[in-house]
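Listed below, chain by chain, are the residues.
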Amino acid sequence: MVRIRRVRGVVLFLWVLLAAMGCIPQPTPKESALPPVVILHLQGAVTPAMAQYLDRGLQEAQRLQAQVVILELDTPGGSVETMQHIIQAIRNSPIPVVVYVAPRGAMAASAGTLITLAGHLAAMAPETTIGAAAPVGLQGEDLGDALAHKTKQVLQAQARSLARRRGERAVRLAEATIAQARAVYAREALDAGLIDVIAPTLDDLLRELDGRTVETTAGTVTLHTAQAPLRRINPTLLEDLLALLTNPNIVFLLLAIGFQALLIELSHPGGWVPGFVGVVSLTLAAYGLGVLDVNWFGLVLLLTAFVLFVLDVKATTHGALTVAGLLTFVFGALLLFHAPILPGSPPPTPGIPPLSLPLVIGTALFFAALSVAVVTLALRAQKRPVRTGEEQVERLIGKVGYTRTPIQSGGRGTVQVGGELWTAELVPDAPPLPSGAPVEVVRVEKMHLIVQPARQRE
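Rules used throughout
Residues numbered from 1 in each chain as written. Predicted model: local features only at pLDDT ≥ 70, side-chain atom pairs only at ≥ 80, totals over all residues. Heavy atoms only, no water. Helix = DSSP H or I, 4+ residues; strand = E, 2+ residues; numbered from the N terminus. Expected span 1.5 Å × (residues − 1). Buried < 20%, exposed > 50% of the residue type's maximum accessible area, 1.4 Å probe, protein only. Pairing = 2+ DSSP bridges. Axes fitted to C-alpha atoms, helices over the stretch in contact; angles between N-to-C directions. pLDDT = per-residue confidence, 0-100. Contact = heavy atoms within 4.5 Å.

**Thoughts on helix α2 (residues 48-63)**
Move 1: End to end, α2 covers 23 Å across 16 residues, agreeing with the expected 22 Å (1.5 Å per residue, within 8%).
Move 2: All buried positions along α2 are accounted for by Ala 49, Met 50, Ala 51, Tyr 53, Leu 54, Gly 57, Leu 58, Glu 60 and Ala 61.
Move 3: Gln 65 lies just past α2 and shows a positive phi near 55 degrees.

Below, the structure is given as structure tokens:
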């Protein structure tokens, strides 16, 4: 009996130890039966990459049968077309979407204002701002009077449509963010009814949302978020890459690498690595050029610079065309991305950094050094003696070698000349030669040598 008790004690101890280590399945807590809350993080300029990430997140939320999607938003604004796409995705979502401007210090400026209003519920963290949604041009410049009036009318109508369920004060404030570029902080937005909740943290927001009822395209939904499990969906590697391609500095580097790689491939054909790198870099840069607003004349200058680099390799102008191409490339890059150093350049687009002048100069110097190296190698290759083919064979005339096999008069055999074995034929009327006899190359006929006995040297 004592042994049985000891065994039971050991088993009970092991069971408790394994349970503490997590090896024994634990009872599923009651809150895990609740539908999950999906968290998406929208940060940076409003670009197609952000819209793609949002679309994927909403689809994943439907697959998970989530009860609500929370968009953590921090944006200075961006493309109006992309903003319209995001608003449509939110308003047509059967799952409630809560736009949460966070963390502290975040903003929902410009296009971010209307995205916040599009949420079924809107929340802000303390010390955040919303507003300044007056329309500007694609490069951030002021619009003309007529175009500005039309654009403001359209955006104000949309703001009224999104804010009318929040009350008259919210409608007036929403219109003021567009007509007067007004911006307010979280408490002002809450007092005007522009948002529903101020929540310092995500946990606070989940407690504030618990029990609220919202209307979606699928009908009325009551939220139970206090104890709901969280599921955060992060951007994929491709989405992060596409987001990087909205940075003019990244696109500029891709253009420089692509042009230089193709120049190396054209200068030294046969190597697939430079050509592959060039094609991939230019393809990625083409996507960025399609997203960014660019001056296409700058791209023409970049292509002209590329042609000048190629011509310098082919025409061997000793670097003159390379210098011209370098200057054209730099000016084209500055013009392509509306660099602020050029006279009359408009302000940069909100959320998109301007092209860095030190980066352009540094890349240009590196590009110039690499181009000079390529041209130098090309010139050396053109001056290098030919080592194969008929021209090299002609250089063997007058050289002295030795027979490796006997050669009969008028017959053929094998000779060694210049460390290489050749098929050789004796000149007419020459005496037969044994192996090891010295011979002199007289001429070349169809890649075989005509030889004669070599004169004896003193």
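**Looking at the pairing of strand β15 (residues 438-445)**
Move 1: Where strand β12 (residues 400-403) lies against β15, three bridges are found, and the strand directions are antiparallel. Residue Gly 401 lies in a different strand from β15, and its bridge partner there is Val 439.
Move 2: Sheet topology places β15 next to strand β16 (residues 448-453); six bridges connect them, and they run antiparallel. Looking at β16, one finds that Val 444 is bridged to Leu 449.
Move 3: Where β15 folds back on β16, the antiparallel hairpin that results is connected by two residues, among which Lys 446 adopts a positive phi of roughly 50 degrees.

**Quick word on the sheet that holds strand β6 (residues 129-131)**
Within a sheet, each strand pairs with its neighbour through backbone hydrogen bonds, oriented either parallel or antiparallel.
Move 1: Strand order in the open sheet made by the three strands is β4-β6-β7, with mixed pairing throughout. Only two strands of the sheet have a single partner each, and these edge strands are β4 (107-109) and β7 (183-185). Neighbour-to-neighbour, the strand axes of this sheet turn through a mean angle of 15 degrees, independent of strand direction.
Move 2: Across three bridges, the pairing between β4 and β6 is parallel. The residue of β6 that forms the bridge with Ala 109 is Gly 131.

**Some details on the confidence of the model for the protein**
Move 1: Looking at the protein, pLDDT values average 79 and 77% of them are 70 or higher.
Move 2: Confidence drops under pLDDT 50 across residues 20-31; counting only partners more than four residues distant or on other chains, this segment forms seven contacts.
Move 3: In this model, residues 137-144 is a region of pLDDT below 50 whose contacts with residues beyond four sequence positions or in other chains number 19 contacts.

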